[in-house]
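As a plain string of letters, each chain reads:
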Amino acid sequence: MSAKRKTLPKDFIFGGSTAGYQVEGATREDGRGPCSWDEDMARPGSRFTADPASDFYHKYPEDLALCEQFGVKGIRISFSWTRILPEGEGRMNQKGIDYYNKLIDTCIAHGVEPFVTLHHFDTPLAYFHAGGWENRALIDHFVDYARVCFEAFGDRVRKWATFNEPWSIAQNGYIAGNFPPHHTFELGRAIQIEHNLMVAHARALHLYKTMHLPGKIGIVHTLEGKVPITDTPENRHARDLDDAMSNRFMLDACFHGGYDAETRALIDEILEKNGSTLVTEPGDFEAFAQAAKEIDFLGMNYYSSHFLKAWDGESQVINNSTGEKGTSVFALKGVGARVSNPAVPTTDWDWPIYPQGMHDQLVRVHRDYPTCKEIFIAENGMGYKDDFVDGKIDDTPRIEYVAKHLAAVHAAIAEGVPVKGYYIWSLQDMLSWSNGYNKRYGLFYVDYKTQKRYPKKSAYWYKLCSERHAIVPLEEVVY
Ligand code: BGP
């Protein structure tokens, strides 16, 4: 055995992550109702469509057989709310229930534990038109939908997440403008949405606990590392502001049961500079306090960190959604500017590759949020324009990326952080929300014309890691 080998606990789950809208396709099949993204992808000028995506709606038996073959022991899936309740509420769609029953049963038959997210960006269209997560009526509807799911699938699903990445819903929809409803620089609205989502999370989580089902429940947050580009008081303050808005505000709600005074002061500073205020109701904080006592785990997504400098100017954002390196701009009024760090490499989409940030966020959650009992890396991976050569895909840069991030997990575990699994983003290639199909993440290559799957070199490497409970050196992969 190599002296360099880093081992992981025997019960550490090597999983694969997916999201309903990004893999299922079949958006008009079997009575599914429309969601916000259907309308978005149909608008003039839209570059992509979610049909057939990776056709997981029909190909799931094949993908789960691949999981079993390649040592993938857990799969993160998300339910499409409008497959289950086509209008978002009321009438149930039996075909949607049947589909998810078959999917869950097939997971279990292959020894692949399902980890279900209730909401992964695809809000029912009628609610989106009624204001989306700005409209507090959606909180009650979400809790009702959660109840339907817990009742139908709670006997077999043992890991639940209420939401995927509330921060992305807020930031991408209301600040960066690359998700529906495509608003830009509306920091106050984004923060309000974060709060409303935290209330919906807390109430659904508490409901689950009252049902005494045999599983665990948490939430999936994307935690972005924030680092001052140079160590000045102004840059450190920019770091604190960005961290409060992206990470701390919601971690406080989930694990402290309310906003810490220092967090609230940072958030209020951003709100004031952007001419906004936060609206809360007293019951919100009761819900936070209750759910913080009951939450079982944090699902942490980590892709990159941001290097920050102080910024006095107006907000400016340019999204790199084509993979043309060096085209991103991100500066927010009242917060700070994200700048490139020449010492840190980036992906073609300008995402800094900085595994240290993953380690630091894991340690920070463990230190600052001791009520967080377990952490799963619910997403991490590398968007890459894979080359398909004679049926083979040598994605060595992806293996290197994942190995470095697993090493960060390994180091955090050695420091006492209870990380229990790693779900690579992504299991198979799929639709990227605002980048389409040339940004691939999968262990399994999808030929979108034929829907044929091809295991990449990373799949063979991941299998060895899962079998040996270790971060296997690249040289040991036979491909
Ligand atoms: C996360 C989302 C995923 C996935 C991933 C990669 O924020 O939870 O759904 O899309 O990011 O992002 P992208 O597809 O933009 O590269």
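Computed from a predicted model, the values in this text were never measured in an experiment.

Caption draft 1: Up close: the packing of aromatic side chains. In the structure shown here, the tally under the stated rule is 46 aromatic pairs. An aromatic cluster is built from F56, Y57, Y60, F79, Y99, Y100, F150, F153, W160 and Y208, whose rings are joined through pairwise contacts. Taking the ring centre of Y99 as reference, the NZ or CZ of R83 above it sits at 5.8 Å. The positively charged end of R440 is found above the aromatic ring belonging to Y445, 3.9 Å away from the centroid.

Caption draft 2: Representation of the sheet that holds strand β13 (residues 374-379) within the structure. Strands sit in the order β2-β3-β4-β5-β6-β8-β13-β14 around a closed barrel of eight strands; the barrel is parallel. When the angles between neighbouring strand axes are averaged without regard to direction, this sheet yields 25°. Taken strand by strand, helix α14 (residues 396-414) contacts β2 (13-17), β13 and β14 (419-425), and its axis lies near 165° from that of β14.

Caption draft 3: Quick look at the site of the ligand. Lining the immediate surroundings of the ligand are 15 residues, of which Q22, E165, S432, K439 and Y441 lie closest. Side-chain polar atom of S432 to an oxygen atom of the ligand: 2.5 Å apart, as the coordinates give it. With respect to the ligand, the side chain of K439 contributes an N or O atom lying 2.6 Å from an oxygen atom. Here the ligand loses 91% of its free accessible area of 380 Å² to cover by the protein chains.

Caption draft 4: Empty space enclosed by the protein, seen in detail. For the structure on display, the rule yields four cavities of 30 Å³ or more. Lining of the largest cavity is provided by 14 residues; of these, T123, F128, W133, I169 and P180 occupy positions nearest its centre. Broken down by secondary-structure element, the contributors of at least two residues to the lining of the largest cavity are α2 (36-42) and α8 (166-174). Tallied by class, the residues present in the lining of the largest cavity amount to ten nonpolar, four polar and no charged.

Caption draft 5: Structural context of the side chain of R248. Assignment of secondary structure puts R248 in helix α10 (residues 233-256). Sequence-distant contacts of R248, defined by excluding residues within four places in its chain, comprise D243, E262, T263, L266, R364 and Y369.

Caption draft 6: Quick peek at the sheet that holds strand β12 (residues 336-339). The five strands lie next to each other as β7-β9-β12-β11-β10, forming an open sheet whose pairing is mixed. On the outer flanks of this sheet lie β7 (225-228) and β10 (316-318), each paired with one strand and no other. Averaged over neighbouring strand pairs, the angle between their axes works out to 30° when direction is ignored. Here strand β11 (residues 329-332) runs beside β12; their pairing, made up of three bridges, is antiparallel. When the bridges of β12 are listed, L332 appears paired with G336.

Caption draft 7: Summary view of helix α9 (residues 187-210). With 24 residues, α9 should reach 34 Å at 1.5 Å per residue; the first-to-last C-alpha distance of 35 Å fits that figure. Counting buried residues in α9 gives 19 out of 24 residues, a clear majority hidden from the surface. Remark: H212 follows α9 within two positions and exhibits a positive phi of approximately 50°.

Caption draft 8: Here's a closer look at the pairing of strand β8 (residues 297-301). Across the five residues of β8, five count as buried, placing the element largely inside the fold. Side chains of β8 alternate between two faces, with F297, G299 and N301 and L298 and M300 buried alike. Bridging between strand β6 (residues 216-222) and β8 involves five bridges; their strand directions are parallel. Paired with V220 across the two strands is G299, which belongs to β8. As judged from the five bridges shared by β8 and β13, these two strands associate in the parallel manner. Considered in β13, the bridge of L298 is made with I375.

Caption draft 9: Inspection of the pattern of salt bridges at higher detail. Applying the stated criterion across every chain yields a total of 39 salt bridges. Where E379 meets R76, a salt bridge forms, and the shortest distance between an N and an O atom there is 2.9 Å. Of the two residues, E379 is situated in strand β13 and R76 in strand β3 (residues 74-78); the sequence distance between them amounts to 303 residues. With respect to burial, E379 and R76 carry one shared label: buried. With a closest N to O distance of 3.4 Å, R189 and E186 form a salt bridge. Overall, E186 belongs to the partly exposed group, its relative accessible area being 28%. Ionic contacts of the salt-bridge type, sharing partners, join the residues D386, D395, R398, D429, R440 and K456 into one network.

Calculation criteria
- Residues numbered from 1 in each chain as written.
- Predicted model: local features only at pLDDT ≥ 70, side-chain atom pairs only at ≥ 80, totals over all residues.
- Heavy atoms only, no water.
- Phe/Tyr/Trp six-rings, centres within 6.5 Å; stacked < 30°, edge-to-face > 60°.
- Lys NZ or Arg CZ within 6 Å of the ring centre and 35° of its normal.
- Pairing = 2+ DSSP bridges.
- Helix = DSSP H or I, 4+ residues; strand = E, 2+ residues; numbered from the N terminus.
- Axes fitted to C-alpha atoms, helices over the stretch in contact; angles between N-to-C directions.
- Contact = heavy atoms within 4.5 Å.
- Near = heavy atom within 4 Å.
- Polar contact = N/O pair within 3.5 Å; in protein donor to acceptor, adjacent residues only side chain to side chain.
- Areas by Shrake-Rupley, 256 points an atom, 1.4 Å probe, with all protein chains shown as cover.
- 1 Å grid on protein atoms, 1.4 Å probe; cavity = no way out; pocket = protein on both sides within 12 Å on 5 of 7 lines; lining within 4 Å.
- Points joined across faces, edges and corners; volume = space filled by probe spheres on them.
- Nonpolar A, V, L, I, M, F, W, Y, C, P; charged D, E, K, R; others polar.
- Expected span 1.5 Å × (residues − 1).
- Buried < 20%, exposed > 50% of the residue type's maximum accessible area, 1.4 Å probe, protein only.
- Salt bridge = Lys/Arg side-chain N within 4 Å of Asp/Glu carboxyl O.

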